[in-house]
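Structure at a glance
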Amino acid sequence: MSTVRTSDFGTRALSRASALIHTVLTVEALLLLTAFPGLAGLLLLGPDPANLPLAALCLLPLGPALSAALYALHHRSRDLTELHPARVFLRGWRLNALPALKLWTPLLAWLTVITFTLTHFSATGLPGWWALLLAAIGAGALLWGAHALVLTSLFAFRARDTARLAGYFLFRHRRATLAAASLLILTATLTALLTEALPALLAAPLLLSLLHGSRTVIAETQEEFTA
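A separate point is the pattern of salt bridges. Within the structure shown, the criterion is met by 3 salt bridges. The shortest N-O distance in the salt bridge between Arg164 and Asp161 comes to 3.7 Å. Separated by 3 residues within a single helix, Arg164 and Asp161 lie in helix α6 (residues 159-172), roughly one turn from each other. Of the charged contacts, one joins Glu220 and Arg172 as a salt bridge, the two residues approaching to 3.3 Å between their closest N and O atoms. Note that Glu220 is positioned in helix α10 (residues 215-224) and Arg172 in helix α6, a separation of 48 residues in sequence. On the accessibility criterion, Glu220 (10% relative accessible area) is buried. What emerges from the salt-bridge pattern is a single network uniting Arg158, Asp161 and Arg164.

Structure below.
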């Protein structure tokens, strides 16, 4: 009797692991495919700060792609016989492309202004502490964006309501915010030490980690802010 249970458990565990690997690989491929036009243009741009507005334009398709990937990862099946990650990804893209762009576009614009100012800071004539303030504001915007991306991917709120909730959860769930911060630091480190392409190639595992770190945010949103 115990032998049968152990065997069944091993089979289920192997099935769940195989389902997860298949889903992550499929989502990663579709994310790269849907964001490819922008990512390809980004790779062609030089490191000149004057190219920052063009870089922001190239990153626009990435917002809906990330949102669709989060949707697919959140709604993934644990059963190897019931896997449809491509179908779920495309459903997420159709549902979330426009809502994601409504938040992703102003976020990119704001980060572009901050980055451009910091790269030309010596010409502004501002005191040095302004640079630290701008960097802190930029970091806060990225963390807000992480919460907003999760919320807009999984819930059908209006853009302004999603923006308010993301700001609320920024301080309400500090552990979720710290988890998002650690992922941003990891992404920046991989980019700086290895290659700019590596975070894109590891986007699906990173997004899966973001979902895991946002469990409390998702749970409270379901309990308190949905019917």
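Time to look at the side chain of Ser153. Mapping Ser153 onto the fold places it in helix α5 (residues 128-154). Exposure remark for Ser153: the relative accessible area of 1% places this residue in the buried category. Among residues more than four places away in sequence, those in contact with Ser153 are Ser67, Leu70, Tyr71 and Asn96.

Below, the discussion takes up the packing of aromatic side chains. Each aromatic ring pair is described using two quantities: the centre-to-centre distance and the angle formed by the ring planes. A complete count under the given rule lists 5 aromatic pairs for this structure. Taking the centre distance of 6.3 Å and the plane angle of 75° together, the rings of Tyr168 and Phe225 count as edge-to-face. With Tyr168 in helix α6 and Phe225 in the segment after α10, this residue pair connects regions lying 57 residues apart in the sequence. Look at Phe169 and Phe225: their rings are 6.2 Å apart centre to centre, the planes differ by 85°, and that puts the pair in the edge-to-face class. With Phe169 in helix α6 and Phe225 in the segment after α10, this pair connects stretches of sequence that are 56 residues apart. One aromatic cluster in this structure is built from Tyr168, Phe169 and Phe225.

Bringing a nonpolar patch on the surface into the picture now. Together, Trp110, Val113, Leu126, Trp129, Trp130, Leu133 and Ile137 make up an exposed nonpolar region whose accessible area comes to about 640 Å². Those elements that provide at least two residues to the nonpolar patch are α4 (85-119) and α5. Mapping Trp110 onto the fold places it in helix α4.

Here we take up the confidence of the model for the chain. Of the residues in the chain, 93% reach a pLDDT of 70 or more, and the chain-wide mean stands at 89. Per-element confidence in the chain is highest for helix α3 (residues 62-74), whose mean pLDDT is 97, and lowest for helix α1 (residues 2-44), whose mean pLDDT is 79. Note that pLDDT drops below 50 for residues 1-10; the model gives that stretch 1 contact with residues more than four away or on any other chain.

This part is about empty space enclosed by the protein. Enumeration over the complete set of coordinates arrives at 1 cavity of 30 Å³ or more. The calculated volume of the largest cavity comes to roughly 70 Å³. Residue lining of the largest cavity: Ala100, Leu103, Trp104, Leu107, Trp144, Gly145, Ala148, Leu149 and Thr152, and that is the complete set. Those elements giving two or more residues to the lining of the largest cavity turn out to be α4 and α5. Here the lining of the largest cavity gets 5 residues from one element, more than from any other, and that element is α5. Its residues assigned to classes, the lining of the largest cavity comprises 7 nonpolar, 2 polar and no charged.

Turning next to the layout of surface pockets. Estimates place the volume of the largest pocket at around 1900 Å³. Elements with a minimum of two residues in the lining of the largest pocket: α1, α2 (52-59), α3, α4, α5, α7 (174-193), α8 (197-201) and α9 (203-213). The biggest single contributor to the lining of the largest pocket is α4, with 8 residues. The residue makeup of the lining of the largest pocket, split by class, is 37 nonpolar, 9 polar and 2 charged. Put simply, the second largest pocket is a space of about 200 Å³. Around the second largest pocket sit Leu73, His74, Arg76, Arg78, Leu208, Leu211, His212, Arg215 and Ile218, which together line it. Of all elements in the fold, only α3, α9 and α10 reach the threshold of two or more residues within the lining of the second largest pocket. Within the lining of the second largest pocket, the residues separate by chemical class into 4 nonpolar, 2 polar and 3 charged.

Cut-offs used in this document
- Position numbers for residues count from 1 along each chain, tracking the sequence in the order it is written.
- Two thresholds apply to this predicted model, a pLDDT of at least 70 for residue-level local features and 80 or more for giving and counting side-chain atom pairs, whereas whole-chain, interface and lining totals are computed over all residues.
- Note: side-chain values were computed over all heavy atoms of the structure, leaving out hydrogens and water.
- Salt bridges are defined by distance alone: a side-chain nitrogen of Lys or Arg within 4 Å of a carboxyl oxygen of Asp or Glu.
- By definition, any uninterrupted DSSP run of H or I lasting at least four residues is a helix, any uninterrupted run of E lasting at least two residues is a strand, and each is numbered from the N terminus.
- A 1.4 Å probe rolled over the protein chains alone gives each residue an accessible area, and that area as a share of the maximum for its type sets the label: buried under 20%, exposed over 50%, partly exposed in between.
- The criterion used for residue contact is that any of the two residues' heavy atoms lie within 4.5 Å.
- Here the aromatic set is Phe, Tyr and Trp, taking the six-membered ring for Trp, and pairing holds for ring centres within 6.5 Å; pairs whose planes are under 30 degrees apart are stacked, those over 60 apart are edge-to-face, and all others are tilted.
- For patch building, the residue pool is restricted to those with more than 30% relative accessible area and no salt bridge; the joining distance is 9 Å between like charges and 5 Å between nonpolar side chains (Val, Leu, Ile, Met, Phe, Trp, Tyr).
- All accessible areas in this document rest on Shrake-Rupley with a 1.4 Å probe, and a residue is counted as covered only by the protein chains that are shown.
- Think of pLDDT as the predictor's per-residue confidence, scored from 0 to 100.
- Within this scheme a cavity is a closed region of a 1 Å grid, computed over the protein atoms alone, that accommodates a 1.4 Å probe without allowing it to escape, whereas a pocket is open but has protein on both sides within 12 Å along at least five of seven lines; lining residues each have an atom within 4 Å of a point.
- Grid points are joined across faces, edges and corners, and a volume is the space filled by probe spheres set on the points.
- Residue type decides the class: Asp, Glu, Lys and Arg count as charged, Ala, Val, Leu, Ile, Met, Phe, Trp, Tyr, Cys and Pro as nonpolar, and the leftover types, Gly among them, as polar.

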